[in-house]
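One letter stands for each residue in the lines below.
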Amino acid sequence: MTALTDRKVFTSFRFGGSATSSLKKVATENGAILVKDVGSADLAIFPSLDDVDDLELAKAPASALVTTHDVVVEAVENDLELPASGFLRFNCLRDCLISTTGMSKVGSSEVAKIVRELGGKFSRNFSSGTTHLIAEVAASEKHRAAIRTMKQVVSREWIEKCWTTGRRAEEKEFPAKPLAGLVVSATGLSFKERAAVEKLCVKLGASFMATLTRGASHLIAGAPNGPKYDFAVRNHIRVLRPKWLYACEAKGSFVDESEFEINEPNLHQEISALFLDSCYVFLAEVTPIEERYLLRKLRAGGATRSPRLTEQTSHVVVGAQFNP
């Protein structure tokens, strides 16, 4: 059995005399049944799909495979399978199962069409069988899974190169940006450090914002304090050490943030969970910075803040500048 066995094959008149004879010979030698009407075919072969006009294509059954001479010859010579139906321009992605992340539905549909015309399979879902993830946004669940399972994570330019050349492009030449689509801000850094962080963010594919808003995905911080830090904690924005950016640069891909965090989880690690439970604490003459820091500690330990001294107050914490 070959890719042509028992298939009803139509060969376009666009080939010309000698080319048509050669292709018909290949087809019959490999078990195909030649038909003269494209409407009766389940495999329609053309010199190039760029030469197929809409009227001619419309005559082919929806259940037929429309492809080129080169694809058919390659399949016969290398004992490859051909799809039952579809529009197969090249067969260079025949072993690939491709998904996308961070794309619009329209963009994802366009990629799916290209993948299928290049002989690959496309799925909106990421699975163990996925071979490639085309990523326009980093840090999604699909992206994290692809990095964790060491799949090929590429940019959209990769599939476009495959399309224009008809060959599977080298993935290493089209890596997805490690921080593509992320929005990063910074706090608690020197002018020089901040400039370096901004430059590195852009290099890695992220956008850098001077003013932190809820649209940010990450905050690079020199220390766990300050207005930006507090805003990030309140709004569930991940707060990381600058080393995270350099780790992403060194690896050339996204690096999991967990070991670089200086956010609320690290504060909890400093305190045994709820060891201040049942404590009612009054804060006396503390500065705003001291107040923010102490409130985080009290909440982490399970304490309740007393707004004033009462019989229920169990502890009083005084500020560093307290003068009795």
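Residues numbered from 1 in each chain as written. Predicted model: local features only at pLDDT ≥ 70, side-chain atom pairs only at ≥ 80, totals over all residues. Heavy atoms only, no water.

Turning to the layout of surface pockets, a few remarks are in order. By volume, the largest pocket amounts to about 320 Å³. As for the largest pocket, its lining consists of 16 residues, and the residues nearest its centre are Leu82, Pro83, Gly119, Gly120 and Lys121. Broken down by element, the residue count for the lining of the largest pocket peaks at three residues, all from strand S5 (residues 86-88). Here the residues of the lining of the largest pocket are counted per class, giving seven nonpolar, five polar and four charged. (1 Å grid on protein atoms, 1.4 Å probe; cavity = no way out; pocket = protein on both sides within 12 Å on 5 of 7 lines; lining within 4 Å. Points joined across faces, edges and corners; volume = space filled by probe spheres on them. Helix = DSSP H or I, 4+ residues; strand = E, 2+ residues; numbered from the N terminus. Nonpolar A, V, L, I, M, F, W, Y, C, P; charged D, E, K, R; others polar.)

The N-to-C vectors of helix H7 (residues 191-203) and helix H9 (residues 243-251) enclose an angle of 40°; their axes lie 10 Å apart at closest approach. It follows from the interaxial angle that H7 and H9 lie oblique. Note that H7 runs across H9; the crossing there is left-handed. Residues Ala196, Val197, Leu200, Cys201 and Lys203 of H7 form the contact with H9, whose participating residues are Leu245, Tyr246 and Glu249. Residue composition of the contact of H7 with H9, grouped by class: six nonpolar, no polar and two charged. (Axes fitted to C-alpha atoms, helices over the stretch in contact; angles between N-to-C directions. Parallel < 35°, antiparallel > 145°, perpendicular 65-115°, else oblique. Left-handed = near helix turned anticlockwise from the far one by under 90°. Contact = heavy atoms within 4.5 Å.)

The subject of this paragraph is a nonpolar patch on the surface. A grouping of Leu309, Val316 and Val318 is seen on the molecular surface, where their side chains present a nonpolar patch of about 270 Å² in accessible area. Positionally, Leu309 belongs in the loop between strand S15 (304-305) and strand S16 (315-318). (Patch = residues over 30% accessible without salt bridge, like charges linked within 9 Å, V, L, I, M, F, W, Y side chains within 5 Å. Areas by Shrake-Rupley, 256 points an atom, 1.4 Å probe, with all protein chains shown as cover. Salt bridge = Lys/Arg side-chain N within 4 Å of Asp/Glu carboxyl O.)

On to the nonpolar core. Most often, soluble globular proteins keep nonpolar side chains buried together rather than apart. Core analysis: the biggest nonpolar cluster contains 21 residues, and Leu179, Leu182, Val197, Ile220, Trp244 and Leu245 have the highest contact counts within it. Apart from residues no more than four positions distant in its own chain, Val197 is found in contact with Ala186, Leu189, Phe208, Ile220 and Leu245. Core analysis: the next-biggest nonpolar cluster, separate from the first, contains 18 residues, Leu93, Ile98, Val154 and Trp158 among them. (Core = buried A, V, L, I, M, F, W, Y, C linked by side-chain atoms within 4.5 Å. Buried < 20%, exposed > 50% of the residue type's maximum accessible area, 1.4 Å probe, protein only.)

All chains considered together, the criterion is met by two aromatic pairs. Both rings, one in Trp244 and one in Phe254, keep their centres 6.1 Å apart while their planes meet at 85°; by these two values the pair is edge-to-face. With Trp244 in helix H9 and Phe254 in the loop between H9 and helix H10 (264-270), this pair connects stretches of sequence that are ten residues apart. We note that Trp244, like Phe254, is buried. (Phe/Tyr/Trp six-rings, centres within 6.5 Å; stacked < 30°, edge-to-face > 60°.)

With respect to the helices, strands and loops of the structure, Lys228 is situated in helix H8 (residues 227-234). Although buried, Lys228 forms no salt bridge, and the nearest oppositely charged side chain, Glu198, lies 9.8 Å from it. Non-local contacts of Lys228, meaning those with residues more than four positions away in its chain, are made with Ser185, Ala186, Thr187, Arg194, Ala210, Leu212 and Leu219. (Lys, Arg positive; Asp, Glu negative; His and termini not counted.)

Moving on to the pairing of strand S6 (residues 97-101). Counting buried positions along S6 yields four of five residues, so the element is predominantly enclosed. Note: S6 against strand S7 (residues 121-122), two bridges, orientation parallel. From the neighbouring strand, Ile98 faces S7, where its bridge partner is Phe122. Remark: the S6/helix H4 (residues 105-117)/S7 crossover connection has right-handed handedness. In this structure, S6 lies alongside strand S8 (residues 132-135), joined through four bridges in parallel fashion. Within S8, the residue paired with Thr101 across the bridge is Ala135. (Pairing = 2+ DSSP bridges. Right-handed = clockwise from strand over helix to strand, strands pointing away.)

Under the definition given, this model contains 14 salt bridges. When the shortest N-O distance is used, the salt bridge between Arg7 and Asp42 registers 3.6 Å. Here Arg7, found in the segment before strand S1 (8-11), pairs with Asp42, found in the loop between strand S2 (33-34) and strand S3 (43-46); they are 35 residues apart in sequence, far enough to count as distant. Residue class for Asp42 comes out partly exposed when judged on its relative accessible area of 24%. What you see here is one network of salt bridges that share partners, running through Arg144, Arg238, Asp256, Glu257 and Glu261.

Mapped onto the elements, Thr187 comes out in strand S10 (residues 183-187). With 34 residues separating them along the chain, Thr187 and Ala221 place their C-alpha atoms 4.9 Å apart. Here Thr187 is in contact with Leu219, Ile220, Ala221, Gly222 and Lys228, once residues within four sequence places are set aside.

Attention shifts here to the sheet that holds S8. Spatial ordering of the open sheet is given by S7-S6-S8-S9, a layout of four strands whose pairing is parallel. Two strands lie at the open edges of the sheet, namely S7 and strand S9 (152-154), each paired on one side alone. Packing against the sheet, helix H6 (residues 156-165) makes contact with S6, S8 and S9, and its axis sits at approximately 115° to S8.

For the chain, per-residue confidence averages 88 on the pLDDT scale, and residues scoring 70 or more make up 92% of the total. Taken as a whole, residues 265-272 scores under 50 in pLDDT and shows ten contacts with residues more than four places along the chain or in a different chain. (pLDDT = per-residue confidence, 0-100.)

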